[in-house]
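# Results of the structural survey
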Amino acid sequence: MHPMLNTAVKAARKAGALITRASFDLDRLTVRRKQRADFVSEVDVAAEQAIISTLREAYPRHAFHAEESGKTAEDAEHVWIIDPLDGTTNFLHGNPQYCVSIALRHKGVLQQAVVYDPNRNELFTATRGAGAYLNDRRIRVSANDRFEDALIGTGFPFREFGHLDEYLRMFASVARQTAGVRRPGSAALDLAWVAAGRLDGFWEMGLSPWDMAAGALLVREAGGLVADFEGADGWLESGRVVAGNAKLFEPLLAAIRVR
């Protein structure tokens, strides 16, 4: 395992342990509402601090782009992109679908990825050019080549609803053409599941870089494709992402391009 990935795994496991301890005492947590349907708990903050302190100790010159504390430097060569708890709303309801997501970009290129699901003790990892793994076992995107048999993941708009009508058209289009659409509530974990072949594809809009970065590298290293809704590489900036295996990627892209 690459030493930087190893450090990220250590950080993710620390955060996961914190989150799991807190999950037994949900009614005592301090929770703040960032905006409508967008929550942050003291666990998000503590988990993020644990991740950053672990990474900073090993790599003091690296920068951070994290959900709760923002960016530390715009022009650093190495930037860690961190979501300490992706799926906070699930977590606060005791719904066990959430994860820790950590990615490393070097000169703008994603190099390392960790998505850790503490409920299932599933550790998804990838290093650019070296494949994707689940608990040390190599994973691949699904081999399904029939869109009508596909299981597709998504996320509904939940913060601002200016694009809800556009999204609902996409949802109807995909639902009509596939075997099913799922909305588990953690984009990072959804992308990891595409990498592991548990979902054939995934699309969502309104995401932040920390929701997508690690999961997207996992998908690519598992043999899948990731793009924005134009089929280009601007997903990290636009927050609109499509992912899937190579055979179903184009049909999924076509299905969400309804007007």
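Structure's up top.
Figured I'd write up the structure that's included with this text. What you see is a predicted model, and the numbers here were worked out from it, not measured in a lab. (Residues numbered from 1 in each chain as written. Predicted model: local features only at pLDDT ≥ 70, side-chain atom pairs only at ≥ 80, totals over all residues. Heavy atoms only, no water.)

## Observations concerning the side chain of threonine 127
Mapped onto the secondary structure, threonine 127 falls in strand S8 (residues 122-127). You can call threonine 127 buried: its relative accessible area is 15%. With near-sequence residues (within four places) excluded, threonine 127 lies in contact with His2, Leu5, Gln111, Gln112 and Glu221. (Helix = DSSP H or I, 4+ residues; strand = E, 2+ residues; numbered from the N terminus. Buried < 20%, exposed > 50% of the residue type's maximum accessible area, 1.4 Å probe, protein only. Contact = heavy atoms within 4.5 Å.)

## Things to note about the layout of surface pockets
A volume near 240 Å³ is recorded for the second largest pocket. What lines the second largest pocket is simply Arg105, Gly108, Val109, Leu110, Arg128, Leu217, Arg220, Glu221, Asp233, Trp235, Leu236 and Glu237. Contributing elements (two or more residues each) for the lining of the second largest pocket: strand S7 (109-117), helix H6 (209-221) and helix H7 (235-238). Partitioned by chemical class, the residues of the lining of the second largest pocket number 5 nonpolar, 1 polar and 6 charged. (1 Å grid on protein atoms, 1.4 Å probe; cavity = no way out; pocket = protein on both sides within 12 Å on 5 of 7 lines; lining within 4 Å. Points joined across faces, edges and corners; volume = space filled by probe spheres on them. Nonpolar A, V, L, I, M, F, W, Y, C, P; charged D, E, K, R; others polar.)

## A closer look at unusual backbone geometry
Backbone geometry places asparagine 135, a non-glycine residue, at a positive phi of 45°. When you line up the elements, asparagine 135 lands in the loop between strand S9 (132-134) and strand S10 (137-139).

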